[in-house]
Amino acid sequence: QVQLVESGGGVVQAGGSLKLSCAASRKFFRINDMGWYRQAPGQQRELVAAITSGGSTNYADSVKGRFTISTDNAKNTVYLQMNSLKPEDTAVYYCNTEGKITPWGRTTHYWGQGTQVTVSS
């Protein structure tokens with residue numbers, strides 16, 4: 001099995017920045033894509049940003065130009081740099097990896113435990 005451990009959340013004023021990290025406890029045999037999702041109270045979980053193994057990225061319209069997703073394959077880590085934060089960015093942020101741990105394993109979605117981001121106005 002593999003665990004995804006997130007860090008970097010916290011409280012920041014509007015206009016500020018935070019960088020989230022998500023480290024996998026072991027190397028994957030193959031990764032299809034990695035992403036960050038968020039869930040605000042009373043709302044559904046939504047995709048914030050995703051990056052494929054080939055480096056293609058996809059962002060929610062609400063964060064384009066402000067957030068940047070990146071990876072460090074040597075460290076089995078995915079990052080989310082968040083700039084110009086707004087109160088509406090307040091949510092629990094979850095990282096997700098879709099991939100296979102072993103050549104014979106199934107492709108599976110793995111989730112982190114979530115990290116709280118609070119943006120004050």
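Residues numbered from 1 in each chain as written. Predicted model: local features only at pLDDT ≥ 70, side-chain atom pairs only at ≥ 80, totals over all residues. Heavy atoms only, no water.

1. A short note on the pattern of salt bridges
Note the threshold: Salt bridge criterion: a side-chain nitrogen from Lys or Arg within 4 Å of a carboxyl oxygen from Asp or Glu. Per-residue accessibility, obtained with a 1.4 Å probe over protein chains only, is compared with the maximum for each type, and a residue is labelled buried under 20%, exposed over 50%, and partly exposed between these values.
Summed over the entire model, instances satisfying the criterion amount to four salt bridges. A salt bridge links Glu-46 to Arg-38; its shortest N-O distance comes to 2.7 Å. Residue Arg-38 is classed as buried on the basis of its relative accessible area, which comes to 7%. Note that Lys-64 is salt-bridged to Asp-61, the shortest N-O span being 3.1 Å. Taking the relative accessible area as the measure of exposure, Asp-61 reaches 66% and is therefore exposed. A single network of salt bridges, built from pairs that share partners, joins Arg-38, Glu-46, Arg-66 and Asp-89.

2. Digging into the packing of aromatic side chains
The condition is simple: The pairing test for Phe, Tyr and Trp rings, Trp by its six-membered ring, is centres within 6.5 Å, and the orientation test on the planes gives stacked under 30 degrees, edge-to-face over 60, and tilted for anything in between. When the NZ atom of lysine or the CZ atom of arginine is within 6 Å of a ring's centre and also within 35 degrees of its normal, the charge is said to sit over that ring.
For the structure on display, the rule yields two aromatic pairs. Note that Lys-19 overlies the ring of Tyr-79, its terminal NZ or CZ placed 4.7 Å from the centroid.

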